[in-house]
Amino acid sequence: HKPCLELADEICHMDISNPDEVEQKAKDLKLDGAATCCLDTGIVSLARLCDKQNLVGLNEESAIMCGDKYKMKEAFKKNNVNARHFVIKNEKELKNALEALELPVIVKATDLQGSKGIYIAKNEEEAINGFNQTMSLTKRDYCIVEEFIEGYEFGAQAFVYNNEVLFVMPHGDETYMSHTAVPIGHYVPLDVKDDIIEKTKIEVKKAIKALRL
């Protein structure tokens, strides 16, 4: 039983990860907006609706970058957002990347969410194991590896309207340490020095510009 369905004016059953299906199902609905909550799966479909129905919101090109860590990192690199990474397809390419990076490293699938396909490695053996695990989960024939930054994990929320960043709100992250740190909650205010807050806001604004959000 889905209690909220009783409150809905219209109900459509669809695969929200399929933009074509979502576009088709929603074409006769007179939408004022499109939204999802704490779920990355439907982001490209949401953006497709915004583009096709001329709604205020994310565009499809940006949504695709947000859902693919490789495309996101490439956009960051072009726009001087700090994000050094290597694309790897096999163990040889991984070993070459490890020679250029400092351990520990983090191996990441580019198309998954919820901390799946992400492994921290303190040595080459762990990196190879993490690579093989990641490649068994991803639908792509590659993943990325980058230096793992030791430190205090936090994030930020931002509000963007008509290409203007109205505010950035840094927040603390409560994490559970599994094969990587998995966020299980957020809190505000973030209890760090003002200069860290200001640096965070600058980098977040640069990232937003890079992804054309």
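Since the model is a prediction, treat every value here as computed from it, not as a measurement.

Caption draft 1: Just the pattern of salt bridges, in detail. Within the structure shown, the criterion is met by 11 salt bridges. With a closest N to O distance of 3.4 Å, D28 and K27 form a salt bridge. The exposure class of D28 is exposed, given its relative accessible area of 63%. A relative accessible area of 48% places K27 in the partly exposed class. Where salt bridges share partners, they join D20, E23, R48 and E60 into one cluster.

Caption draft 2: Representation of the confidence of the model for the protein within the structure. Overall, the prediction assigns the protein a mean pLDDT of 91, with 100% of residues at 70 or greater. Mean pLDDT across the elements of the protein ranges from a minimum in strand β7 (residues 181-187), with 86, to a maximum in helix α1 (residues 19-26), with 96.

Caption draft 3: Summary view of the packing of α1 against helix α2 (residues 43-52). At a closest axis distance of 8 Å, the pairing of α1 and α2 adopts a crossing angle of 45°. In terms of their interaxial angle, α1 and α2 are classed as oblique. In the crossing of α1 with α2, the sense of the turn from one axis to the other is right-handed. On α2, the residues touching P19, D20, V22, E23 and A26 of α1 are V44, S45, R48, L49 and K52.

Caption draft 4: Region of interest: unusual backbone geometry. In this structure, the amide linkage connecting L103 to the following residue, P104, adopts the cis form with an omega of 0°. One can find P104 in the loop between α5 (91-100) and β2 (105-108). Located in the positive-phi region is N54, a residue other than glycine, with phi close to 55°. Take N54: it is sitting in the loop between α2 and α3 (60-66).

Caption draft 5: Expanded view of the nonpolar core. Grouped together as the largest cluster of nonpolar side chains are 13 residues, with contacts concentrated most on I88, L94, V105, A127 and V145. If you list the elements that add at least two residues to this core, you get α5, β2, α6 (124-137) and β4 (143-147). What A127 contacts, discounting residues up to four positions off in sequence, is L94, L98, V105, V107 and A121. One finds M65, F76, V81 and A207 within the second-largest nonpolar core, a separate group that totals eight residues.

Caption draft 6: Highlighting the environment of E10. Inspection of the secondary structure puts E10 in the segment before α1. Residue E10 is classed as exposed on the basis of its relative accessible area of 56%.

Caption draft 7: Looking closely at the pairing of strand β6 (residues 164-177). Pairing analysis gives eight bridges linking strand β5 (residues 154-161) to β6, with the strands arranged antiparallel. Paired with Q157 across the bridge in β6 is M169. Hairpin connection between β5 and β6: a loop of two residues separates the two successive antiparallel strands, and N162 in this loop has a positive phi of roughly 50°. Bridge count for β6 against β7 is six bridges, and the pairing is antiparallel.

The rules we used
- Residues numbered from 1 in each chain as written.
- Predicted model: local features only at pLDDT ≥ 70, side-chain atom pairs only at ≥ 80, totals over all residues.
- Heavy atoms only, no water.
- Salt bridge = Lys/Arg side-chain N within 4 Å of Asp/Glu carboxyl O.
- Buried < 20%, exposed > 50% of the residue type's maximum accessible area, 1.4 Å probe, protein only.
- pLDDT = per-residue confidence, 0-100.
- Helix = DSSP H or I, 4+ residues; strand = E, 2+ residues; numbered from the N terminus.
- Axes fitted to C-alpha atoms, helices over the stretch in contact; angles between N-to-C directions.
- Parallel < 35°, antiparallel > 145°, perpendicular 65-115°, else oblique.
- Left-handed = near helix turned anticlockwise from the far one by under 90°.
- Contact = heavy atoms within 4.5 Å.
- Core = buried A, V, L, I, M, F, W, Y, C linked by side-chain atoms within 4.5 Å.
- Pairing = 2+ DSSP bridges.

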